[in-house]
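Observations on chain architecture
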Amino acid sequence: MDTVEIDRGGPAQPLLIAKDLRKHFKVKGGAPGAVVRAVDGVSFNVFKGETLGVVGESGCGKSTLARLLLHLIEPDAGELVFDGDAVGDMRGITVNALRRQVQMVFQDSSSSLNPRMPVRDSIAFGPYVHGKTKAEAGRIARDVLVKVGLKPDLFGPRYPHELSGGQKQRINIARALAIEPRMVILDEAVSALDKSVEAQVLNLLRALKENFNLTYLFISHDLSVVRYISDRVLVMYLGAVVELGPVQDIFSRPKHPYTTALLASRPSMDPARRIEEPPITGDPPSPINPPSGCRFRTRCQHAEAVCAQTQPILGAWNDRDSHIAACHMQDPESGHSLAIRTH
Amino acid sequence: MPNTMILPTAMIEPAAPKQRGYWGSVGNRLRYDPVTVFFGLVVLAIILAAIFAPLLAPFDPYKESIIGRLKPLGWKGHWLGTDELGRDILSRLIHGGRVSLLMGVVPVAIATVVGGTLGVVGGFGGRKVNTAIMRTMDVFYAFPSVLLAVAISGAMGGGAMNGMIALSMVFTPAMCRVAETATAQVKNLDFVEAARATGAGTLTILRYHILGNVLGPVFIYASSLVSVGILLASGLSFLGLGVKPPTADWGLMLSTLRQSIYVNPVVCALPGVAILITSVSFNLLSDGIRSAMDVRM
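Below: a short report on this structure. Since the model is a prediction, treat every value here as computed from it, not as a measurement. (Residues numbered from 1 in each chain as written. Chains lettered and ligands numbered in written order. Predicted model: local features only at pLDDT ≥ 70, side-chain atom pairs only at ≥ 80, totals over all residues. Heavy atoms only, no water.)

What follows concerns the sheet that holds strand β2 (residues 35-46) of chain A. Residues and elements named next belong to chain A. Spatially, β2-β1-β4-β5 is the arrangement adopted by the four strands of the open sheet, whose pairing is antiparallel. At either end of the open sheet lies a strand with only one pairing partner, and these are β2 and β5 (85-86). Pairing of strand β4 (residues 77-82) with β5 involves two bridges; the strand directions are antiparallel. Its bridge partner lying in β5, phenylalanine 82 is registered against aspartate 85. (Pairing = 2+ DSSP bridges. Helix = DSSP H or I, 4+ residues; strand = E, 2+ residues; numbered from the N terminus.)

Written out as structure tokens, the structure is:
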């Protein structure tokens, strides 16, 4: 596969580095200068071959983040480095070259397929845009359809409305894979599917990842799904990263109170251990006017004076095993009464 | 890439329905719609009659007769009677269809191309482009369409050509709005964003993803405008702003026969009946095509 030749940085080089990504949307009809801080200084690495899960409540900026990574929305600030090459930089790679290597699968399987195009043409569109002839693109579409478990002769000529939700999402995955990307961003890709179909598609995604050395950025609000598929998890709250770490660490020893609350909000499988009270109450504060200091303090049971004064920093990651959280309780110097002690 | 791989789930195999192309399935649905087929045939007959008018017309449509004026149906081989100058009504109706159809179809075609292009550009372009195009079109909306047609052709002087230009200008803003709305709806769907994410340029996206979804509504609207065009063209001729006498034209015939309505009411109403049949047929045909073209049914 040609992806081996363009694996420039070697295995240690993160596939994608996002540095301080920022996107503020102007508020229509709002006060002059009022902005929604949809993504407010997000930094993370995606290592080669891993699945990075991104979780958070609705409106925390997950989908905006996904679109920023592909430059579908222009970031206001921040930097993207793909396999050592800065995106949009003179000496780096262009946005188009990035889109050649990073693809996206959207949540709504119906609206992400052209209703007036047979699905094989939708799949062949990507290779065609990247310079293949129509015949070559058609052959690629057939191959990819087989890879996602759909018979090309049976499903290729169909229109999206003739397919079920799960089949459509397979087509969307096929469309993303058709140009042989190295990384796929899955934006709530299985959230709209039935549980049984969801499981099928998740297993398909796992198999495809192994077969094609893919790297996933898996965005979801469903913690069980994220736990199943991810190697590392990034927790977002109100446009910022609050916790980042390996999946076992996040789920067994969460460091941030928000992550703890998220995990506690999962419905229990055991009726005897039913959750009686929601662990976290109220809606997230408005991203137009986020709280001072720590953004989570308005809903945090451990909030203290220091939380309103200074913004906790996430800390630096070193490698795939780093487990970091943006919380004053993690910082011995912060002055928070519950801060971990240095021994 | 390896061609063989183990799949986590079994192949899904529903019964294979017969596969048709898009236009094949549209044609198939039309076959089972007798109303649309019937009015389609009527439209076809009207068009053929207009094309082969010199062969079909039993008399010379311009041959006058002093003694044979305003005769009833069936008088001396004149199946539909004669007009106020003794000319054969049937022959004049067949010949009149040429002008009426031309004035119904040509302005719609012009408006579809001009208005459709402006609409797609306005719908896909940024806010400034959109505002510039759509607010200009709104100016035309300030006038009722009949008044606008009368004003434009009145200002430019009568005649078939000026009438068609006037009607084109009347239809363009409406067509532009239809195309703009359709484009704006499609533009924000995920598949356009997905196409951008594959690295496709604006023109490629327009060609492969926008046009296919916009042409449907535009085409349907155009087909319904044809009957309006025929009516407006007849109206212009009726007012003396369209074609000039003695040209055979339905609107003009209605206008001149109007004065004889107390002498022979049936004959005088015939050009109106021709206009009615034509516009109703075009409307019902376009309705049928509209539902047959909806791929999601």
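What follows covers the packing of aromatic side chains. Residue and element names in this part refer to chain A. Scanning the entire structure with this criterion turns up six aromatic pairs over all chains. A centroid spacing of 5.2 Å and a plane angle of 65° characterise the contact between tyrosine 258 and phenylalanine 296, whose relative ring orientation is edge-to-face. Separated by 38 residues along the polypeptide, tyrosine 258 in helix α11 (residues 257-264) and phenylalanine 296 in the loop between α11 and α12 (305-309) bring together distant segments of the chain. In this structure tyrosine 258 comes out as buried when scored by relative accessible area, which is 0%. (Phe/Tyr/Trp six-rings, centres within 6.5 Å; stacked < 30°, edge-to-face > 60°. Buried < 20%, exposed > 50% of the residue type's maximum accessible area, 1.4 Å probe, protein only.)

Attention now moves to unusual backbone geometry. All names here are of chain A. Even without a glycine there, the phi angle at glutamate 180 is positive, about 50°. When you line up the elements, glutamate 180 lands in the loop between α7 (165-177) and β7 (183-187). In this structure, glutamate 188 takes a positive phi of about 50° despite not being glycine. With respect to the helices and strands, the residue glutamate 188 is situated in the loop between β7 and α8 (195-212). When its relative accessible area of 7% is taken as the criterion, glutamate 188 is described as buried.

The next thing to look at is the nonpolar core. Residue and element names in this part refer to chain B. If you look at the biggest cluster of nonpolar residues, it comprises 61 residues, and the most contacted ones within it are Phe171 and Ile210. When contributions to this core are tallied by element, the ones reaching two or more residues are α2 (34-51), α4 (89-124), α6 (145-156), α7 (160-187), α8 (190-197), α9 (202-238), α10 (250-257) and α11 (265-293). The greatest single-element share of this core, amounting to 13 residues, is contributed by α9. Not counting residues within four places of it along the chain, the set of residues in contact with isoleucine 210 comprises Phe124, Thr183, Val186, Lys187, Val192 and Ile205. (Core = buried A, V, L, I, M, F, W, Y, C linked by side-chain atoms within 4.5 Å. Contact = heavy atoms within 4.5 Å.)

Take helix α4 (residues 119-129) of chain A next. When we look at burial in α4(A), the residues that qualify are Val119(A), Ser122(A), Ile123(A), Ala124(A), Phe125(A), Gly126(A) and Pro127(A). Residues of α4(A) that are buried in the fold lie against α5 (134-147), α6 (152-155) and α7 of chain A together with α8 and α9 of chain B. Directly beyond the C-terminal end of α4(A), a positive phi value near 95° is found at Gly131(A).

As a further point, take the packing of α8(B) against α9(B). Residues and elements named next belong to chain B. Direction vectors running N to C along α8 and α9 enclose 170°, while the axes themselves pass 10 Å from each other. The angle between α8 and α9 falls in the class roughly antiparallel. Along the contact surface, α8 presents Phe191, Val192, Ala195 and Arg196, while α9 presents Ile205, His209, Ile210 and Asn213. The residue inventory of the contact of α8 with α9, partitioned by class, reads five nonpolar, two polar and one charged. (Axes fitted to C-alpha atoms, helices over the stretch in contact; angles between N-to-C directions. Parallel < 35°, antiparallel > 145°, perpendicular 65-115°, else oblique. Nonpolar A, V, L, I, M, F, W, Y, C, P; charged D, E, K, R; others polar.)

The next point concerns α6(B). Residues and elements named next belong to chain B. The first and last C-alpha atoms of α6 sit 17 Å apart over twelve residues, in line with the 16 Å expected at 1.5 Å per residue. Along α6, the residues classified as buried are Leu148, Ala149, Ile152 and Ser153. Across the axial projection of α6, the buried residues extend over an arc of 115°, all falling on one side. Packed against the buried residues of α6 are α5 (127-141), α7 and α9. (Expected span 1.5 Å × (residues − 1). Arc of directions from axis to C-beta.)

Here we take up the pattern of salt bridges. Where charged atoms from two side chains of opposite charge come close, those side chains can pair. Enumeration over the complete set of coordinates arrives at 20 salt bridges over all chains. We note a salt bridge from Arg295(A) to Asp40(A), for which the minimum N-O separation is 2.4 Å. Of this pair, Arg295(A) sits in the loop between α11 and α12 while Asp40(A) sits in strand β2, and the two are 255 residues apart along the sequence. Just as Arg295(A) is buried, Asp40(A) falls in that class too. Note that Arg135(B) and Asp138(B) form a salt bridge whose closest N and O atoms lie 2.8 Å from each other. In this pair, Arg135(B) and Asp138(B) are both assigned in helix α5, three residues apart and thus about one turn of the helix distant. (Salt bridge = Lys/Arg side-chain N within 4 Å of Asp/Glu carboxyl O.)

Here we take up the pairing of β7(A). All names here are of chain A. Burial of β7 is extensive: five of the five residues sit out of reach of the surface. Residues of β7 alternate between two faces, with Met183, Ile185 and Asp187 on one and Val184 and Leu186 on the opposite face, all of them buried. The sheet contact formed by strand β6 (residues 102-105) and β7 spans four bridges and is parallel. Bridge pairing in β7 places glutamine 103 opposite valine 184. Relative to strand β8 (residues 215-219), β7 is paired through five bridges, and the arrangement is parallel. Directly across from aspartate 187, in β8, lies its bridge partner isoleucine 219. Tracing the backbone out of β7, into α8 and back to the parallel element β8 gives a crossover that is right-handed. (Right-handed = clockwise from strand over helix to strand, strands pointing away.)

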